[in-house]
Amino acid sequence: MGGFLAHQVASLLLLQRDQRAMQATLHQAAQGTFDHLSNALRTLSLAANSQSTPCSADDLTYLRRLVFDSSEVKSIGRLEDGHLQCATLTGALSRPVPVSAPDYTDDFGIRWYIDSPLSISGRDGALILATERTSIILDQRRFTELMHGVYKSTLLFVGQKDDQILFASETSGPFTADRLGTLIREPTDMVRAGDWFLAKECDPMSVLCPVYAISAPVLLDGERPLLVIITLFGAIGSGLIFVAVDARGRQLKVRLRKAIRRDELKVHYQPQVNFVEGTVIGCEALLRWNDHGVPQSPQVAVEAAEANGFIGELTRLVVRHVIDELGEILHQRDGFRVSINFSATDLSRETFLDELHAQLGAAGIAPRQVTIELTEHTAGDNTALTRTLTRARAAGHKVAIDDFGIGYSNLGYLRDHPVDYLKIDKSFTEMIGTGSVRSIIVTQIIDLAKVLGLDVIVEGLETEEQIAYVVRHGAQCGQGWVFADAMPAQGLADWLATSDWGRGVAVERTAALDLSHAG
């Protein structure tokens, strides 16, 4: 009995310590949220007060400079008669895009669009602030990174006026307007919602209200609670944000870690070609996980490994597979590069590059033969990551931004990170030839890359018409089914030995393209 009581007392002390630490972190997160929001509103004000003719060359240059200088704003647009007329990434639109009614208009006249669909990029939703004639799309990463931690979280936007959930990044939690309304208005500090505890610590005089959530099953099991930052802001009368921890992803975590340690994950490779010269320049390494007969996306695996602290194990597995499976190809083809997508957690570790070079050096593979890829949303304001990328380029690595353009890209991202390539996401490529306004993004990214002195790789090429389109607009390199799908290493070796692209004799195929009707 004494041992049991000692265990319970120790657990209680740990819980109290974690709660105190979390409360301090919440205050910092709330202040960070307020700072980011204030900066975004300042950018909106500066954009609205431009002295140039809307959508003129001078106006777009001014707006792009604002985006470049802002870490919170991904795009700025001009509105007229309820239609988007131009934007910083697309330029002037040949066909204005209609804009829906806002979810809220606050006391300052700012229109709030919560989870608003983006007509050009194809993303399901975004957080947009607008005046009558100007709109800005916020980089949600700037807000969610404040609550980024070890555990998976759910982000909710809840309207102050009616307690309705306007946005939920996931629907795993049993959150309802009644339960959330109780938490907001009642004097109680904690409310039970199904398998969750939602707790608050609000200052009634402030528009910011930090809260935190604890998974109820974890508490009942006697384990240390899973705590995560929840940043909840009134945002000038517009809405509240909740974030809660979901402990139900633990089974996925366990299965993934076992799969890594049993070496059950595979790596496939998709060729990347220079379709102007008719040659292969390299390939992209793509993770494959068959989870007991259910294929899991690479993103699910990476996020689970990163969220639960074993992303390093997954990264070492991928690098080991690449070295073991492509070593011979890399030795035979000196100019061949393999692109590997690394997480921000990996790239932020000071020892990451030394560990990678040790693995490559033991296999006789030069750093210049490994391209470091990272997705646009992974980096954030991360000086350690930037230092790693700078060292990597000095050592000979190329650096590529994967899925560039998704959800309107922040030009400040390119200012802050040393980059060689932009990879155009396939969601834009597939719109080529359809008449969709989203196809404009392809040419705008190509033009942007030219201005910045960067190369481009076009993803998702499936037809020769798409190749002709991007060639006409200045792109030279890409990947997609029109060349080859992702395949195991032996399949790649066979493809390199037998295909025109692999043998370097495909230049006639590009020369035969009808570029006069390429868009």
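Residues numbered from 1 in each chain as written. Predicted model: local features only at pLDDT ≥ 70, side-chain atom pairs only at ≥ 80, totals over all residues. Heavy atoms only, no water.

Participant: Any details on the overall build of the protein chain? Residues and values, ideally.
Facilitator: The number of helices and strands found in the protein chain is 18 helices and 23 strands. Taking all 519 residues of the protein chain together, 52% fall into the buried category. Sequence separation of at least 24 residues holds for 61% of the intrachain contacts in the protein chain that already meet a minimum separation of 6. When the accessible area of the protein chain is evaluated, it comes to approximately 23,300 Å², of which 52% is carbon and sulfur surface. (Helix = DSSP H or I, 4+ residues; strand = E, 2+ residues; numbered from the N terminus. Buried < 20%, exposed > 50% of the residue type's maximum accessible area, 1.4 Å probe, protein only. Contact = heavy atoms within 4.5 Å. Areas by Shrake-Rupley, 256 points an atom, 1.4 Å probe, with all protein chains shown as cover.)

Participant: Can you break down the state of the cysteines residue by residue, with the values?
Facilitator: Evaluated as defined, the whole model comprises one disulfide. The disulfide bridge from Cys-55 ends at Cys-86, spanning 2.1 Å between sulfur atoms. Linking Cys-55 and Cys-86, the disulfide has an S-S dihedral of approximately -90° and is accordingly described as left-handed. With Cys-55 in the loop between α1 (2-48) and α2 (57-69) and Cys-86 in strand β2 (residues 83-87), the pair connects residues that are 31 residues apart, well separated along the chain. Summarising the burial analysis for this pair, Cys-55 and Cys-86 share the class buried. (Disulfide = S-S within 2.5 Å.)

Participant: Account for the packing of aromatic side chains, with residues named and values stated.
Facilitator: Following the criterion strictly, the structure yields three aromatic pairs and no others. Considering the side-chain rings of Phe-342 and Phe-352, the 5.1 Å spacing of their centres and the 70° angle between planes classify their relative orientation as edge-to-face. Taken as a pair, Phe-342 in the loop between β18 (337-341) and α9 (344-348) and Phe-352 in helix α10 (residues 352-362) lie far apart in primary sequence, ten residues in all. Here Phe-342 and Phe-352 have matching classes, each one buried. An angle of 85° between the planes, with centres 5.1 Å apart, marks the rings of Phe-483 and Trp-501 as edge-to-face. Of the two residues, Phe-483 is situated in the loop between β23 (477-478) and α17 (489-498) and Trp-501 in the loop between α17 and α18 (507-511); the sequence distance between them amounts to 18 residues. For Phe-483, a relative accessible area of 8% puts it in the buried group. Ring pairs connect the aromatic residues Phe-275, Phe-483 and Trp-501, which therefore count as one cluster. (Phe/Tyr/Trp six-rings, centres within 6.5 Å; stacked < 30°, edge-to-face > 60°.)

Participant: Which residues make up helix α15 (residues 440-452), and what values go with them?
Facilitator: Taking 1.5 Å per residue, 13 residues should reach 18 Å; α15 reaches 19 Å between its end C-alpha atoms and fits that length. Turning to α15, its buried residues are Ile-440, Ile-441, Val-442, Thr-443, Gln-444, Ile-445, Ile-446, Leu-448 and Ala-449. Just downstream of α15 lies Gly-453, where phi reads positive at about 75°. (Expected span 1.5 Å × (residues − 1).)

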